[in-house]
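Residue strings, one per chain:
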Amino acid sequence: MTWPRLVIITGLSGAGKTQALRCLEDLGFFCVDNLPPTLIPTFTELCARAAVPIKKVALVVDVRGGELFEKVFEVLSRFDREAVPYEIVFLEASDEVLVRRFKETRRPHPLGGDLLSAIREERKRLEELRGRAHKIIDTSNLSVSQLKEQLANLFGDVETLRRFRITLMSFGYKYGIPLDADLLMDVRFLPNPHYVPRLKNLTGEDPEVKEYVFASPVTGEFIARFTSLVEFLIPLYIKEGKAMLTIAVGCTGGKHRSVVIVNRLAEILRSKDYQVTVRHRDVNRDSA
C-alpha cells in the first residue's frame, strides 16, 4: 500500500492555518480542517485504499480539539513505528500580532478567557508539537500571498501549472465588458471579416474566417507577443497564490476576430500542458 503525502498543519490560533489549508487545497491536496487526531490513521488509510488513491492529504490539528487534541502524540508515535510518512508544518506569530488579529476579527480565542493569557497558554500546550515540526513558519510579518508562496515552494510540484485553471473568453464590446476578467485584450485592430460578404454570417469557428484573420501578418505577430506575455504572467500569478486566471479577448461583436484569437491561444496553451477552458460568450448573437 502506498501512503499519501500527509501534511499536518498545526500551530497557534490566528497564525494563518486556514489560509495555509486553502493554499494546499489549491496545490491539489485533499484538505480537512479540525479532524480529531484519533481519526487520522483511519482517514489516511481510507485515502490510500480508495479506488482512485488520494495522493496528497492536508489536515489541520489544533487545540480546538480539546481533550482529543492530546491524542495527536499517540498518533504520531504510531506513524513512526509503522513507517507512515508525514510532515508537520507549525505556524506561529508574536503575541502582539495575534492579539491584533483577534481584535480585528472579533473572534474569541478557542481557549477562552483573557486573550493574552489564552495565547500564552496555547503556546505552552503546543510547545512539544512545535518541537516535532518539520517546518516552522512565523507569519508575524507575512502577507497572505507571502505565506502562500512559502507553502508553494515547500509543497508545489511539476503538476502545479497543470492544475492552474485558465479560462479564455471571447466577447463583443457592443454587449459589454466581462466583469470577471483578470486580463482584457482588444483585438479590434485586426482585419474585420464582418465587412467581407461571404464571411459576414460565419463565425470564428469556421476555417474561412480563421484563414482571413491570419492572412494579415499583424495577426501572427500579435499572437506571438500576446502568448509570450501570458506565459510570462502565469508563473507570477501562481506565485501570488492565484488558482485560476480569466483572459477576455474582445472584438466588436464577439463573433469573428475574438473567437479566432481565443481558439488559437487555447491551442498554444494546451500544447504546453496548461488546463484551459474556452468560452465564446457572444458568438451566437447578431453582431457587427
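Being a predicted model, the structure only gives us computed values, none of them experimental.

**Student:** An account of the layout of surface pockets is needed here, citing residue identities and associated values.
**Tutor:** Taken as a whole, the largest pocket holds about 650 Å³ of empty space. If you trace the largest pocket, you find 22 residues lining it, with G14, G16, T18, Q19 and R107 closest to the centre. Mapped by element, the contributors of at least two residues to the lining of the largest pocket are helix 1 (17–26), helix 4 (95–105) and helix 7 (144–155). Top element by residues in the lining of the largest pocket is helix 1. It accounts for four residues. Taken together, the residues of the lining of the largest pocket sort by class into seven nonpolar, eight polar and seven charged.

**Student:** Summarise the packing of helix 4 against helix 5 (residues 115–125); cite the residues concerned and give the values.
**Tutor:** To characterise two packed helices, one gives the angle between the axes of the helices and the distance between these axes. Axis separation between helix 4 and helix 5 bottoms out at 10 Å; the angle between their running directions is 125 degrees. Between helix 4 and helix 5, the crossing angle belongs to the class labelled oblique. Regarding helix 4 and helix 5, the two cross each other, and that crossing is right-handed. Note on element contacts: helix 5 touches helix 4 through L115, L116, I119, R120 and R123, opposite D95, L98, V99, F102 and K103.

**Student:** An account of the sheet that holds strand 9 (residues 275–280) is needed here, citing residue identities and associated values.
**Tutor:** With parallel pairing, four strands are arranged side by side in an open sheet as 7-8-6-9. Looking at which strands have only one partner, the edges of the open sheet turn out to be strand 7 (183–186) and strand 9. The average angle at which neighbouring strand axes cross in this sheet is 20 degrees, direction not considered. Pairing of strand 7 with strand 8 (residues 244–251) involves four bridges; the strand directions are parallel. Looking across to strand 8, one finds that L184 is bridged to A248.

**Student:** So, the UniProt feature "domain: RapZ-like N-terminal" (unreviewed entry) in the protein chain: which residues are in play, and what are the values?
**Tutor:** The UniProt feature table records "domain: RapZ-like N-terminal" (unreviewed entry) at residues 6–155. When the span residues 6–155 is considered, its composition is 46% helix and 17% strand, and the gap between its end C-alpha atoms is 11 Å.

**Student:** Before we move on, could you go through the domain arrangement of the protein chain and cite the residues and values that matter?
**Tutor:** Segmentation of the protein chain into domains returns domain 1 (5–156) and domain 2 (161–280). Counting residues at the interface gives seven residues for domain 1, matched by five residues for domain 2. In total, about 540 Å² of surface goes out of reach between domain 1 and domain 2, with carbon and sulfur atoms giving 47% of it. The tally of links from domain 1 across to domain 2 stands at zero salt bridges. At the boundary of domain 1 and domain 2, one finds zero residue pairs in polar contact (both at pLDDT 80 or more). In terms of residue count, the dominant contributor to the side of domain 1 that touches domain 2 is helix 7 (three residues). Grouping the amino acids of the side of domain 1 that touches domain 2 by side-chain chemistry returns one nonpolar, two polar and four charged.

**Student:** Can you tell me about the packing of aromatic side chains, naming the residues and giving the values?
**Tutor:** By the definition in use, this model includes six aromatic pairs. Between F29 and F155 the ring centres are 6.1 Å apart and the planes differ by 80 degrees, which places this aromatic pair in the edge-to-face class. With F29 in the loop between helix 1 and strand 2 (30–33) and F155 in helix 7, this pair connects stretches of sequence that are 126 residues apart. Side by side, F29 and F155 carry an identical accessibility label, which is buried. Judged by centre distance (5.9 Å) and plane angle (40 degrees), the ring pair of F30 and F43 falls under tilted. Taken together, the residues span a long stretch of sequence, with F30 in strand 2 and F43 in helix 2 (residues 40–49) at a distance of 13 residues. According to the relative accessible area criterion, F30 is partly exposed, its value standing at 38%.

**Student:** How would you sum up the state of the cysteines? Please name residues and give values.
**Tutor:** All told, the structure shown has zero disulfides when counted by the stated rule. Of all cysteine sulfurs in the structure, the one in C23 sits closest to C31, which takes part in no disulfide; the separation is 9.2 Å.

**Student:** I'd like a rundown of the pattern of salt bridges, residues and numbers included.
**Tutor:** Between side chains of opposite charge, a pair can form when the charged atoms approach closely. Applying the stated rule across the entire model yields 20 salt bridges. Close ionic contact of R64 with D33 constitutes a salt bridge, the shortest N to O distance being 2.7 Å. Highlighted residues: R64 in the loop between strand 3 (56–60) and helix 3 (72–81) and D33 in strand 2, separated in sequence by 31 residues. The salt bridge partner of E74 is K71, with a shortest N-O separation of 3.6 Å. Among the charged side chains, a network of salt bridges with common partners joins K17, D33, D62 and R64.

Scoring rules and cut-offs
- Residues numbered from 1 in each chain as written.
- Predicted model: local features only at pLDDT ≥ 70, side-chain atom pairs only at ≥ 80, totals over all residues.
- Heavy atoms only, no water.
- 1 Å grid on protein atoms, 1.4 Å probe; cavity = no way out; pocket = protein on both sides within 12 Å on 5 of 7 lines; lining within 4 Å.
- Points joined across faces, edges and corners; volume = space filled by probe spheres on them.
- Helix = DSSP H or I, 4+ residues; strand = E, 2+ residues; numbered from the N terminus.
- Nonpolar A, V, L, I, M, F, W, Y, C, P; charged D, E, K, R; others polar.
- Axes fitted to C-alpha atoms, helices over the stretch in contact; angles between N-to-C directions.
- Parallel < 35°, antiparallel > 145°, perpendicular 65-115°, else oblique.
- Left-handed = near helix turned anticlockwise from the far one by under 90°.
- Contact = heavy atoms within 4.5 Å.
- Pairing = 2+ DSSP bridges.
- UniProt positions renumbered as here; feature names shortened; annotations may be inferred.
- Domains from an automatic or database assignment.
- Buried area = accessible area lost by both parts, 1.4 Å probe.
- Salt bridge = Lys/Arg side-chain N within 4 Å of Asp/Glu carboxyl O.
- Polar contact = N/O pair within 3.5 Å; in protein donor to acceptor, adjacent residues only side chain to side chain.
- Phe/Tyr/Trp six-rings, centres within 6.5 Å; stacked < 30°, edge-to-face > 60°.
- Buried < 20%, exposed > 50% of the residue type's maximum accessible area, 1.4 Å probe, protein only.
- Disulfide = S-S within 2.5 Å.

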